[in-house]
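Summary of structural features
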Amino acid sequence: MSNAFDFPGGIYPPERKQRSNQSALIETPLPRRVTLPLQQHSGQPAKPCVAQGNAVKVGSVIAKREGMVSSALHASISGTVSEVSTTQISIEGDGQDEWLRLPPLVWQNVEPHALLERLNESGIVGLGGAGFPTHIKARVVEQHTIHTLVINAAECEPYITADDLTLRHYANEVLEGAQIIAKLCGAQHIVIGIEDNKPEAIDALKQALTNSQPVPVELAVIATRYPSGGERQLIKKLLDLNVPSGGLPADVGVLCHNPGTLLAILHAVRDGQPLVSRVVTLTGEAITQPGNRWVRLGTSVRELLEQAGLNTPELHQVIQGGPMMGTPLLTLDTPVTKLTNCLIAATLEELPPPPAESPCIRCGECESVCPVALLPQQLHWYARAQDDAKLERYHLFDCIECGACSYVCPSHIPLVVDYREAKSRLRLQRIETAKAEHAKHRFEFRQARLAREEAEKQARKQARQAQQRRPSNTAATNSEKVDLRGLRIAHAAAKASVKKAEKTLARVAQEDPKQSLDDLEMQLATAQENLKAAELQLAQAREQQSNEESP
Ligand code: SF4
Ligand code: SF4
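Not measured: the values here are computed from a predicted model. (Residues numbered from 1 in each chain as written. Chains lettered and ligands numbered in written order. Predicted model: local features only at pLDDT ≥ 70, side-chain atom pairs only at ≥ 80, totals over all residues. Heavy atoms only, no water.)

This part is about the overall build of the protein. Secondary structure assignment for the protein yields 14 helices and 17 strands. The principal-axis extents of the C-alpha atoms in the protein amount to approximately 100 × 60 × 50 Å. The buried share of the protein, taken over its 551 residues, is 51%. Counted over contacts in the protein with a minimum sequence separation of 6, partners at least 24 positions apart contribute 74%. Per element, the accessible surface of the protein, about 25400 Å² overall, is 52% carbon and sulfur. Averaging the coordinates of the 59 positive side-chain charges in the protein and doing the same for the 64 negative ones gives two points 8 Å apart. (Helix = DSSP H or I, 4+ residues; strand = E, 2+ residues; numbered from the N terminus. Buried < 20%, exposed > 50% of the residue type's maximum accessible area, 1.4 Å probe, protein only. Contact = heavy atoms within 4.5 Å. Areas by Shrake-Rupley, 256 points an atom, 1.4 Å probe, with all protein chains shown as cover. Lys, Arg positive; Asp, Glu negative; His and termini not counted. Charge placed at Lys NZ, Arg CZ, Asp CG, Glu CD.)

In structure tokens, the structure reads:
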């Protein structure tokens, strides 16, 4: 496929991928102990369902999905639960590695709802980014028609090679995982977008593509440029489609998944294996044995880096993720989670702290590299001035925090830091607004319910009086009958409210994974409660009517 389309801007930072892509993907030794945070996905934290002292196998559910946007958590080693707190669960291993798997499914023969349920119960989340629960993403077809599934194998950020090695070793399996998702979302077309700096993975994919695939797959090799792996940038590059501002790829009929997620999907469906491990790139000048490893979730970063030959005196900082978008770890006693794709153990010379910031010289360099065609300079002024109206008008939330603007800024202004702070402040404001709207909604619903109950009470009273006045046991007139029509309308409205709340929640969670969803989850729970009440009232009214009509 030619690169006929393009996105604006972009940069060419040193790739430094060679350090970790020269050795085969291997398994790390089984950890003696794991610590599993309850929040390792976007949305609500999982809710523990085990207690201290419980015996668990690999794959035992230890925390359940809580709310709509959330994900289950499974034991990643066999042993005994040693700690359950409000934030994490720890397990002491028994060294046996005993597994508890779900029954295998032949995905070609099972209904979509069974596949969705399998993704849900296996705790699968997006392994390339924010950890969005895959079972919710797959339900996108309830609101959108999807024509294309994009396999995002660009892996454009320096240092990271986890997808590259995953594809070299598991190209067939990744493509089969893609077929499962294509079946679920109804995509007629699959496109793999991969940068041209991964020749071995490209060869492996070419080999795998010779096998017959139910949904046709196209391999698109694109030029290496950061950040071509951004969803919007890749969709533009591959399909010449523009995801609208504030929108999702589904708005233009596209769904994106990364290779690691597709492999996890296949393991969950075909092998009944929940998400208990992932591929992590271990790299940086402060370790002597860089490479990619299969790592059990919950393994300590310190243990992992020590196994890779950590040179502690040389270590300056460990970054989780890549150097452009990753975050420095405050402590090595941090566990690997579903979101840990790379750990860079960097020396001071390798990733030195940025020079002191100086004033903006209005050179326009930042604007020329922005892949979203934003105005980073203006966003910087408005962020520092806390001019929220202007930040919204200049589309702050379209910023993908790629760091290209900070990278080229000759004044060394930490532009992305400014944007992140401004986004956090605006998110808080949005939560306050949502809370106020929620309170108003609940008040209005309560008033409507009280009015309806009063009207029903009056109707029953009048019916009783009319019954007493009747000379014989005549059936009630139409006007005396329970208001079935009104209840049906109320029931339909409550059902629509649930659908609307689900849709809003899924959209907000995907648009802005860092937005707190507490209030939206509460709105959904309220809408579900209202629906249950409406169902009960309707059922009671139907029963009452049938009693009245029976001789
Ligand atoms: S690159 Fe830096 S100095 Fe140049 S306009 Fe942008 S913010 Fe100002
Ligand atoms: S961090 Fe945001 S503003 Fe800066 S280049 Fe990337 S998308 Fe543009």
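Back to the text.
Attention now moves to the site of ligand 2. Of all residues adjacent to ligand 2, which total 13 residues, the nearest are Cys370, Cys399, Cys402, Gly403 and Cys405. Only α11 (404-408) and α12 (415-469) provide two or more residues apiece to the shell around ligand 2. Of the residues assigned to the shell around ligand 2, the class counts are 11 nonpolar, one polar and one charged. (Near = heavy atom within 4 Å. Nonpolar A, V, L, I, M, F, W, Y, C, P; charged D, E, K, R; others polar.)

Another point: the nonpolar core. With 65 residues, the main nonpolar core has Ile62 and Ile181 as its most contacted residues. Ranked by residue count, the leading element in this core is helix α3 (residues 162-185), at 12 residues. Aside from chain neighbours lying at most four places away, what touches Ile62 is Leu36, Lys47, Pro48, Cys49, Val50, Val56, Leu73, His74, Ala75, Ile89 and Ile91. Counting 18 residues, the second largest nonpolar core, distinct from the first, contains Cys370, Leu391, Cys409 and Tyr419. (Core = buried A, V, L, I, M, F, W, Y, C linked by side-chain atoms within 4.5 Å.)

Turning our eyes to something else, we now look at the pattern of salt bridges. On inspection of all chains with the given rule, the structure shows 22 salt bridges. Close ionic contact of Lys390 with Asp387 constitutes a salt bridge, the shortest N to O distance being 3.7 Å. Taking relative accessible area as the criterion, Asp387 reaches 25% and is therefore assigned partly exposed. When the shortest N-O distance is used, the salt bridge between Arg425 and Asp388 registers 2.5 Å. (Salt bridge = Lys/Arg side-chain N within 4 Å of Asp/Glu carboxyl O.)

All residues adjacent to ligand 1 are Cys360, Ile361, Arg362, Cys363, Gly364, Glu365, Cys366, Gln377, Cys409, Pro410, Ser411 and Ile413. Each residue belonging to the shell around ligand 1 can be placed in one class, and the counts come to seven nonpolar, three polar and two charged.

Looking at helix α1 (residues 112-121), one finds that the buried residues are Leu115, Arg118, Leu119 and Asn120. Along its buried surface, α1 packs onto α2 (134-138), α3 and α6 (259-270). Looking one or two residues beyond α1, the residue adopting positive phi is Gly123, at roughly 65°.

Turning our attention to the domain arrangement of the protein. According to the domain assignment, the protein contains domain 1 (106-277), domain 2 (365-413) and domain 3 (422-549). With six residues of domain 1 at the interface, the matching set in domain 2 holds six residues. Between domain 1 and domain 2, the buried area comes to about 510 Å², and carbon and sulfur atoms account for 55% of it. Its largest share of buried area at the contact with domain 2, domain 1 owes to Tyr226, Gln233 and Ser245, together 63% of the area lost on that side. Our count for the domain 1 to domain 2 interface comes out at zero salt bridges. Across the side of domain 1 that touches domain 2, the residue classes break down as two nonpolar, three polar and one charged. (Domains from an automatic or database assignment. Buried area = accessible area lost by both parts, 1.4 Å probe.)

At a minimum axis separation of 9 Å, helix α9 (residues 376-384) and α12 run at an interaxial angle of 50°. With respect to α12, the element α9 is oriented oblique. Handedness of the α9/α12 crossing: left-handed. Contacts between α9 and α12 pair Pro376, Gln377, Leu379, His380, Ala383 and Arg384 from the former with Leu415, Asp418, Tyr419, Ala422 and Arg425 from the latter. Taken together, the residues of the contact of α9 with α12 break down into six nonpolar, two polar and three charged. (Axes fitted to C-alpha atoms, helices over the stretch in contact; angles between N-to-C directions. Parallel < 35°, antiparallel > 145°, perpendicular 65-115°, else oblique. Left-handed = near helix turned anticlockwise from the far one by under 90°.)

An α-helical segment advances 3.6 residues per turn. Residues three or four places apart therefore align on the same side. Counted residue by residue, helix α5 (residues 231-239) has seven buried out of nine residues, so it is predominantly covered. For α5, the complete set of buried residues consists of Gln233, Leu234, Ile235, Lys236, Lys237, Leu238 and Leu239. On its buried face, α5 is in contact with β9 (148-153), β10 (189-195), β11 (217-222) and β12 (254-257). A positive backbone phi angle near 55° is found at Asp240, which sits one or two residues after α5.

The next point concerns the sheet that holds β12. Taken in spatial order, the four strands of this open sheet run β11-β10-β9-β12, and their pairing is parallel. Edge positions in the sheet fall to β11 and β12, since each has one partner strand and no second. Taken pair by pair, the neighbouring strands of this sheet meet at an average axis angle of 25°, ignoring direction. Of the pairings in the sheet, the one linking β9 to β10 comprises six bridges and is parallel in character. Residue Ala153 lies in a different strand from β10, and its bridge partner there is Ile194. (Pairing = 2+ DSSP bridges.)

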